[in-house]
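# Per-entry structural report
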2 protein chains.
Amino acid sequence: MKTVYNPQHAGHAATHEFFRGRLVPAFEIPARADYVLKAVQAAALGEVLAPVDHGLAPLERVHAPAYLRFLRGAHAEWRALGGEGDAFPAVWPVRSLRSDVEPQSFAARMGLYSMDSGTPLTAGAWEAAYWGAQATLSGLEIALGDERRAYVLTRPPGHHAGADFFGGYCFINNAAVAAQAARDAGLQRVAILDVDYHHGNGTQAIFYERADVFYASLHGDPQTEYPFFLGHADERGAGAGLGFNANEPLAAGSSNEAWFAALERLLGRLQVFAPELLIVSLGVDTYGGDPISHFKLDRPEFAALGERLAAFGAPRTLFLQEGGYATEAIGLNVVAVLQGFERGLGRAGSR
Amino acid sequence: MKTVYNPQHAGHAATHEFFRGRLVPAFEIPARADYVLKAVQAAALGEVLAPVDHGLAPLERVHAPAYLRFLRGAHAEWRALGGEGDAFPAVWPVRSLRSDVEPQSFAARMGLYSMDSGTPLTAGAWEAAYWGAQATLSGLEIALGDERRAYVLTRPPGHHAGADFFGGYCFINNAAVAAQAARDAGLQRVAILDVDYHHGNGTQAIFYERADVFYASLHGDPQTEYPFFLGHADERGAGAGLGFNANEPLAAGSSNEAWFAALERLLGRLQVFAPELLIVSLGVDTYGGDPISHFKLDRPEFAALGERLAAFGAPRTLFLQEGGYATEAIGLNVVAVLQGFERGLGRAGSR
Ligand SMILES: [Zn+2]
Ligand SMILES: [Zn+2]
């Protein structure tokens, strides 16, 4: 399997983040992607390619242009105002407050365009996120071609980013960008399977009223796990999208058996949907050793996940890197999934 | 004029707060009320009374019971989870996220019930806010009696607190509690004039669709000033409340002439409304020396404000302490308003 690697990720390097109201050392750090790259190379998974620039237009298909404009200039604004280091938002337009006026205040726009204080806006955030989306689009092209599959190695992750806000370490929603680009390339039915420990609130919300992109996620129950305010089982889509969203929230600490049972329920739904492209939001913070998550997957389970996705048999599959915070183990866990997938393909091919 | 003083304010003593994404020494501190009490006593303004307990019911008339329940137990929960010092929220249900499910997670409920990270939830926050509301209700009783006027000296302030969220140093919206209690006591028309530097987003939102409580505010333009996401000139009420909300946003740095001109416009509106009770959300962060605000009022202007409010001639008037962060000057500024009011009343009485 070919990998598209986003080298700009390294410029997005926060030292600290707010975690449950306290300033703590950052979890979402460049070493995460470095370890994955090493593991991909060590496993000789396949060619590692640089992203090709597709411009802003595909990002504007899922994100508000005003949001992207803000994000692009935000850290420079922060510095021009005398800010040092990373910028954090501090006030939000919740219930009864307005989101329809973009205030002049930089602090206000930081809040208007975000959902938490746990996502440091670093000097390199825009470049990292922009090139992550480009890597995603480059990976999509490979998956839409003869290769029929690809892996996109990037950070920051994307699935918490909404149409017009950042949060949960995410700025640009790569899964949404890829799904929309696939639709624009002529595919009729795209499925996003989100196996990250956390619910992909941004991805769900972007496609919630659409029948052409099916969002399916299994994740830590939002009653106790981030992002808390979305990802419940009763969210099944709305309007034209009713029936095209499926959530499997699982209690923190759930067994691997429970996890795979939930995966089977989702794959059953997706089988009926019959997507022409399967996008996998591949977070490996489901790992037992993850410092901020509470599932118990380990190498054999990650390999089994990869094999199961191959058996699912989507015509085309695109793997996108999302979370995973047990830094040194991330690479091995990701490679276990991807090698499992390749093994599964080989088996299917020899049938 | 009689003062009702909330002695429980002192238990709400944060050392730090988040201000524009940075942890800084707290502005909203017990010394604020101490200086006002000293000034009230030094000026021999009148009797200083303790609050009488009116229970939770009047608070539940304007705040969601689930919010009050959370607030009451929040700091104990935080400590039981191993939290130390003050608690801060870190994640919010903005656009596309759900506010209709109360998550189990304490961190999530902190976010569900707040609008910013600038409001430390201290060990004494609930007692201070609860007794502030009781002081407010006690002051209202005095104003509804033969005295026809009263001043409530309390902190934290109230006008940013929404029906179900805290923020901007505020937990319980005293002005809203007083207005609703006055209505419940049989008054037909209640006006709230908010002269704090900041727009009282919580008060406005609570009465936005009602014609019986007129909210009028002059304040720093939300384009650049907290709370940023409400307080624009085009917010005139909705539904039955259309026409019963008036905002006069003024650019930071506006002259005293501009401030008094805006005050006249609002009083003209309120004159037509002819309230039976005028509640004054009395913030004195309009003071030229205030560390977080940008108007230029000084002692003579505060005295003129008091005299003008007496001339307005509402049958009953209730002053509630809101903001003001130039700690040592707050007392003198507040007393200037209240003495101006008394002088104005005396003059009217002698006419
Ligand atoms: Zn995650
Ligand atoms: Zn204020």
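If you're wondering where the values come from, they're calculated on a predicted model, not measured in any experiment.

## A few points about the sheet that holds strand β4 (residues 48-49) of chain A
All names here are of chain A.
- Spatial ordering of the open sheet is given by β4-β1-β5-β10-β9-β6-β7-β8, a layout of 8 strands whose pairing is parallel. Either end of the sheet is taken by a strand with one partner, and the two such strands are β4 and β8 (245-250).
- With 5 bridges connecting them, strand β6 (residues 190-194) and strand β7 (residues 213-220) associate as parallel partners. Residue pairing in the sheet places Ala191 in a bridge with Phe214 of β7.
- Against the sheet, helix α1 (residues 30-42) engages β1 (3-5), β4, β5 (149-153) and β10 (317-321), with an angle of about 140 degrees to β5.
- Here helix α8 (residues 256-273) sits on the sheet in contact with β6, β7, β8 and β9 (277-282), set at roughly 175 degrees to β7.

## Considering the pattern of salt bridges
- Going through the model one piece at a time under the given rule, you end up with 36 salt bridges over all chains.
- Linking Asp100(B) and Arg98(B) is a salt bridge whose minimum nitrogen-to-oxygen distance equals 2.9 Å.
- What you see here is one network of salt bridges that share partners, running through Arg98(A), Asp100(A), Asp234(B) and Glu235(B).

## Comments concerning the coordination of the zinc ion (ligand 2)
Residue and element names in this part refer to chain B.
- With distances of 2.0 to 2.1 Å, the protein atoms coordinating the zinc ion (ligand 2) are Asp196 (OD), His198 (ND1) and Asp285 (OD).
- Along the chain, the residues that donate to the zinc ion (ligand 2) are spaced as D-x1-H-x86-D.
- When its relative accessible area of 1% is taken as the criterion, Asp196 is described as buried.

## Digging into helix α3 (residues 65-80) of chain B
- For α3(B), spanning 16 residues, the distance from its first C-alpha to its last is 22 Å, which sits close to the expected 22 Å at 1.5 Å a residue.
- Along α3(B), the sharpest change in direction is near 50 degrees and occurs at Ala74(B).
- Residues of α3(B) that are buried: Tyr67(B), Leu68(B), Phe70(B), Leu71(B), Ala74(B), His75(B) and Trp78(B).
- Contacts made by the buried residues of α3(B) are with β3 (22-25) of chain A together with α2 (57-60), α4 (106-112) and α5 (125-144) of chain B.
- Two residues or fewer after α3(B) comes Gly82(B), characterised by a positive phi angle close to 95 degrees.

## Regarding the UniProt feature "domain: Histone deacetylase" (unreviewed entry) in chain A
- What UniProt calls "domain: Histone deacetylase" (unreviewed entry) maps, in this numbering, to residues 29-339 of chain A.
- For the annotated span residues 29-339 of chain A, helix accounts for 40% and strand for 12% of the residues, and the straight-line distance between the end C-alpha atoms is 25 Å.

## Some thoughts on the packing of aromatic side chains
All names here are of chain A.
- If you walk through the whole model with that rule in mind, you get 33 aromatic pairs over all chains.
- What links up through ring pairs into an aromatic cluster is the set Tyr67, Phe70, Trp78, Phe106 and Tyr113.
- Above the face of the Tyr35 ring, Lys38 is positioned so that its terminal group lies 4.9 Å from the ring centre.

## With respect to the packing of α5(B) against helix α6 (residues 174-184) of chain B
Residue and element names in this part refer to chain B.
- It is the contact of α5 with α6, at a shortest axis distance of 9 Å, that shows an interaxial angle of 40 degrees. The angle between the axes of α5 and α6 places the two elements in the oblique class. The element α5 and its partner α6 pack so that their crossing is right-handed. On α6, the residues that touch Gly132, Ala133, Thr136, Leu137 and Leu140 of α5 are Asn174, Val177, Ala178, Ala181 and Ala182.
- The residue inventory of the contact of α5 with α6, partitioned by class, reads 7 nonpolar, 3 polar and no charged.

## Topic: the relation of the copies chain A and chain B
- Superposing chain A onto chain B requires a rotation of 180 degrees together with a translation of 0.0 Å along the rotation axis, leaving an RMSD of 0.0 Å. Here the copies are linked by what is in effect a two-fold axis. Minimal C-alpha distance to the rotation axis in chain A is attained by Val94(A), lying at 2.6 Å.
- Mapped onto chain B, 100% of the interface residues of chain A are again interface residues, and the two copies thus contact each other with one and the same surface.

## What to know about unusual backbone geometry
- A cis geometry characterises the amide bond from Tyr226(A) onward to Pro227(A), with omega recorded as 5 degrees.
- Inspection of the secondary structure puts Pro227(A) in the loop between β7 and β8.
- The linkage connecting Arg155(B) with the following residue, Pro156(B), adopts the cis geometry, with an omega of 0 degrees.
- Position of Pro156(B) relative to the elements: it lies in the loop between β5 (149-153) and α6.
- Backbone geometry places Ala44(B), a non-glycine residue, at a positive phi of 50 degrees.

## Re the confidence of the model for chain A
- Of the residues in chain A, 99% have a pLDDT of 70 or more, and the chain-wide mean is 96.
- Taking the mean pLDDT of every element in chain A, the minimum, 81, falls on β3(A) and the maximum, 99, on β6(A).

## Let's talk about the interface of chain A and chain B
- Each side of the interface is counted separately: chain A has 49 residues, and chain B has 49 residues.
- For the pair chain A and chain B, the summed buried surface comes to about 4,200 Å²; carbon and sulfur atoms form 60% of the total.
- Contact with chain B buries area across many residues of chain A, yet Arg95(A), Arg98(A) and Phe229(A) alone supply 20% of it, more than any other trio.
- The tally of links between chain A and chain B comes to 6 salt bridges.
- The partner of Asp234(B) in a salt bridge is Arg98(A), with the nearest N and O atoms 2.8 Å apart.
- Across the chain A-chain B interface, the total number found is 20 residue pairs in polar contact (both at pLDDT 80 or more).
- Of all the secondary-structure elements, those providing two or more residues to the side of chain A that touches chain B are α4 (106-112) and α7 (201-207) of chain A.
- The leading source of residues in the side of chain A that touches chain B is α4(A), at 4 residues.

## Concerning the pairing of strand β9 (residues 277-282) of chain B
Residues and elements named next belong to chain B.
- With 6 of its 6 residues buried, β9 lies for the most part within the structure.
- With burial as the criterion, each face of β9 is covered, one bearing Leu277, Ile279 and Ser281 and the other bearing Leu278, Val280 and Leu282.
- When β9 meets strand β10 (residues 317-321), the two strands line up parallel, connected through 5 bridges. Across the sheet, residue Val280 finds its bridge partner in β10, namely Phe319.
- In the classification by handedness, the crossover that spans β9, the intervening helix α9 (residues 299-312) and the parallel β10 is right-handed.

Cut-offs used in this document
- Residues numbered from 1 in each chain as written.
- Chains lettered and ligands numbered in written order.
- Predicted model: local features only at pLDDT ≥ 70, side-chain atom pairs only at ≥ 80, totals over all residues.
- Heavy atoms only, no water.
- Pairing = 2+ DSSP bridges.
- Helix = DSSP H or I, 4+ residues; strand = E, 2+ residues; numbered from the N terminus.
- Contact = heavy atoms within 4.5 Å.
- Axes fitted to C-alpha atoms, helices over the stretch in contact; angles between N-to-C directions.
- Salt bridge = Lys/Arg side-chain N within 4 Å of Asp/Glu carboxyl O.
- Donors = N, O, S within 2.8 Å, 3.2 Å for Na, K, Ca; no water.
- Buried < 20%, exposed > 50% of the residue type's maximum accessible area, 1.4 Å probe, protein only.
- Expected span 1.5 Å × (residues − 1).
- Bend = angle between axes of the 7 residues up to and from the residue.
- UniProt positions renumbered as here; feature names shortened; annotations may be inferred.
- Phe/Tyr/Trp six-rings, centres within 6.5 Å; stacked < 30°, edge-to-face > 60°.
- Lys NZ or Arg CZ within 6 Å of the ring centre and 35° of its normal.
- Parallel < 35°, antiparallel > 145°, perpendicular 65-115°, else oblique.
- Left-handed = near helix turned anticlockwise from the far one by under 90°.
- Nonpolar A, V, L, I, M, F, W, Y, C, P; charged D, E, K, R; others polar.
- Least-squares fit on C-alpha atoms with pLDDT ≥ 70 in both.
- pLDDT = per-residue confidence, 0-100.
- Buried area = accessible area lost by both parts, 1.4 Å probe.
- Polar contact = N/O pair within 3.5 Å; in protein donor to acceptor, adjacent residues only side chain to side chain.
- Right-handed = clockwise from strand over helix to strand, strands pointing away.

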